[in-house]
Amino acid sequence: MKFAGLTNQVIGCAIEVHKTLGPGLLESTYEQCLAYEFHLAGLSFVRQKSLPVNYKGVVMECGYRLDLIIENKLIVELKSVDKLQGIHEAQILTYLRLSHLSVGLLINFNEVMLKNGIKRFVL
(Lines give C-alpha, C1' and ligand atoms only; values in the text may rest on other atoms or scores of the structure.)
Protein backbone atom coordinates (compact mmCIF):
# COMPACT_ATOMS: atom_id res chain seq x y z
CA MET A 1 0.00 0.00 0.00
CA LYS A 2 1.03 3.57 -0.69
CA PHE A 3 1.36 4.64 2.97
CA ALA A 4 2.24 1.29 4.56
CA GLY A 5 5.85 2.25 5.32
CA LEU A 6 4.84 5.51 6.97
CA THR A 7 2.02 3.97 9.01
CA ASN A 8 4.31 1.13 10.12
CA GLN A 9 6.93 3.66 11.24
CA VAL A 10 4.33 5.65 13.17
CA ILE A 11 2.97 2.49 14.80
CA GLY A 12 6.52 1.52 15.78
CA CYS A 13 6.96 4.89 17.49
CA ALA A 14 3.62 4.46 19.28
CA ILE A 15 4.62 0.98 20.46
CA GLU A 16 7.86 2.41 21.85
CA VAL A 17 5.94 5.07 23.81
CA HIS A 18 3.45 2.48 25.10
CA LYS A 19 6.22 0.04 26.01
CA THR A 20 7.94 2.77 28.04
CA LEU A 21 4.90 4.37 29.70
CA GLY A 22 2.19 1.71 29.66
CA PRO A 23 -1.55 2.48 29.73
CA GLY A 24 -3.43 4.80 32.07
CA LEU A 25 -1.95 8.24 31.40
CA LEU A 26 -3.53 11.32 29.84
CA GLU A 27 -3.79 11.60 26.06
CA SER A 28 -1.68 14.77 26.17
CA THR A 29 1.21 12.86 27.76
CA TYR A 30 1.18 10.26 25.00
CA GLU A 31 1.00 13.00 22.38
CA GLN A 32 4.04 14.80 23.73
CA CYS A 33 6.08 11.59 24.05
CA LEU A 34 5.00 10.38 20.61
CA ALA A 35 6.07 13.72 19.12
CA TYR A 36 9.49 13.18 20.68
CA GLU A 37 9.69 9.70 19.14
CA PHE A 38 8.77 11.17 15.74
CA HIS A 39 11.55 13.71 16.17
CA LEU A 40 14.03 10.92 16.97
CA ALA A 41 12.83 8.99 13.90
CA GLY A 42 13.34 12.03 11.66
CA LEU A 43 9.65 12.35 10.76
CA SER A 44 8.16 15.75 10.08
CA PHE A 45 4.98 16.41 12.01
CA VAL A 46 2.62 19.07 13.25
CA ARG A 47 0.82 18.92 16.59
CA GLN A 48 -2.66 20.27 17.31
CA LYS A 49 -3.26 21.61 13.80
CA SER A 50 -6.38 23.72 13.49
CA LEU A 51 -8.98 22.21 11.16
CA PRO A 52 -11.48 24.74 9.84
CA VAL A 53 -14.83 23.75 8.38
CA ASN A 54 -15.80 24.99 4.92
CA TYR A 55 -19.52 25.59 5.11
CA LYS A 56 -21.17 26.77 1.90
CA GLY A 57 -17.96 28.42 0.78
CA VAL A 58 -17.29 30.13 4.11
CA VAL A 59 -14.31 28.96 6.16
CA MET A 60 -15.27 28.68 9.83
CA GLU A 61 -12.94 28.10 12.74
CA CYS A 62 -14.98 25.73 14.88
CA GLY A 63 -12.30 24.63 17.31
CA TYR A 64 -11.40 21.29 15.70
CA ARG A 65 -7.78 20.23 16.08
CA LEU A 66 -5.89 17.32 14.59
CA ASP A 67 -3.69 15.68 17.22
CA LEU A 68 -0.84 14.97 14.80
CA ILE A 69 -0.20 15.19 11.07
CA ILE A 70 2.82 13.20 9.91
CA GLU A 71 4.74 14.10 6.74
CA ASN A 72 1.69 16.13 5.57
CA LYS A 73 0.11 12.77 4.65
CA LEU A 74 -1.16 10.95 7.71
CA ILE A 75 -3.53 11.97 10.51
CA VAL A 76 -2.87 10.39 13.89
CA GLU A 77 -5.73 10.74 16.34
CA LEU A 78 -4.87 9.73 19.89
CA LYS A 79 -7.12 8.47 22.65
CA SER A 80 -6.68 7.21 26.17
CA VAL A 81 -10.10 5.69 26.85
CA ASP A 82 -11.48 2.42 28.19
CA LYS A 83 -12.61 1.34 24.73
CA LEU A 84 -12.73 2.89 21.28
CA GLN A 85 -16.29 3.72 20.29
CA GLY A 86 -18.01 4.36 16.98
CA ILE A 87 -17.88 8.10 17.66
CA HIS A 88 -14.06 7.95 17.69
CA GLU A 89 -14.08 6.26 14.28
CA ALA A 90 -16.57 8.81 12.96
CA GLN A 91 -14.33 11.59 14.27
CA ILE A 92 -11.24 10.47 12.37
CA LEU A 93 -13.24 9.82 9.19
CA THR A 94 -14.64 13.35 9.42
CA TYR A 95 -11.16 14.74 10.00
CA LEU A 96 -9.92 12.91 6.91
CA ARG A 97 -12.73 14.36 4.79
CA LEU A 98 -12.29 17.90 6.11
CA SER A 99 -8.50 17.84 5.73
CA HIS A 100 -8.55 16.21 2.28
CA LEU A 101 -6.07 13.60 3.50
CA SER A 102 -6.69 9.94 2.79
CA VAL A 103 -5.02 7.95 5.58
CA GLY A 104 -5.42 8.06 9.34
CA LEU A 105 -4.50 6.11 12.43
CA LEU A 106 -6.66 6.00 15.53
CA ILE A 107 -4.53 4.94 18.50
CA ASN A 108 -5.91 4.20 21.96
CA PHE A 109 -3.05 4.07 24.45
CA ASN A 110 -5.28 2.78 27.25
CA GLU A 111 -4.83 -0.87 26.21
CA VAL A 112 -2.69 -3.54 27.84
CA MET A 113 -1.47 -4.50 24.34
CA LEU A 114 -1.30 -1.44 22.10
CA LYS A 115 -1.96 -3.45 18.92
CA ASN A 116 -5.55 -3.93 20.21
CA GLY A 117 -6.00 -0.15 20.26
CA ILE A 118 -4.81 0.70 16.74
CA LYS A 119 -7.15 1.20 13.79
CA ARG A 120 -6.15 2.32 10.29
CA PHE A 121 -8.54 4.29 8.08
CA VAL A 122 -8.30 4.95 4.35
CA LEU A 123 -10.67 7.14 2.33
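> Break down a nonpolar patch on the surface for me, citing the residues and quoting the values.
A cluster of nonpolar side chains, namely Tyr-55, Val-58 and Met-60, defines an oily patch on the protein surface of about 270 Å² accessible area. The exposure class assigned to Met-60 is partly exposed, which follows from its relative accessible area of 34%.

> Explain the sheet that holds strand β6 (residues 103–108) to me, using residue names and the numbers behind them.
Sheet architecture is open: five strands sit in the order β1-β4-β5-β6-β7, paired in mixed fashion. The open sheet terminates on both sides in strands that have one partner only, identified here as β1 (45–50) and β7 (118–122). Neighbour-to-neighbour, the strand axes of this sheet turn through a mean angle of 25°, independent of strand direction. Across the sheet, helix α1 (residues 4–21) is in contact with β4 (65–70), β5 (74–79), β6 and β7; its angle to β6 comes to roughly 15°. Together, β4, β5, β6 and β7 form the strand contacts of helix α3 (residues 86–99), whose direction differs from that of β5 by roughly 155°.

> Break down the side chain of Lys-79 for me, with residues and values.
Note that Lys-79 resides in strand β5. Note on Lys-79: relative accessible area 10%, which makes it buried. Here Gln-91 takes part through its side chain, which lies 2.8 Å from a polar atom of the side chain of Lys-79. Non-local contacts of Lys-79, meaning those with residues more than four positions away in its chain, are made with Glu-27, Leu-84, His-88, Gln-91, Leu-106, Ile-107, Asn-108, Phe-109 and Asn-110.

Rules and cut-offs
Residues numbered from 1 in each chain as written. Predicted model: local features only at pLDDT ≥ 70, side-chain atom pairs only at ≥ 80, totals over all residues. Heavy atoms only, no water. Patch = residues over 30% accessible without salt bridge, like charges linked within 9 Å, V, L, I, M, F, W, Y side chains within 5 Å. Areas by Shrake-Rupley, 256 points an atom, 1.4 Å probe, with all protein chains shown as cover. Salt bridge = Lys/Arg side-chain N within 4 Å of Asp/Glu carboxyl O. Buried < 20%, exposed > 50% of the residue type's maximum accessible area, 1.4 Å probe, protein only. Pairing = 2+ DSSP bridges. Helix = DSSP H or I, 4+ residues; strand = E, 2+ residues; numbered from the N terminus. Axes fitted to C-alpha atoms, helices over the stretch in contact; angles between N-to-C directions. Contact = heavy atoms within 4.5 Å. Polar contact = N/O pair within 3.5 Å; in protein donor to acceptor, adjacent residues only side chain to side chain.

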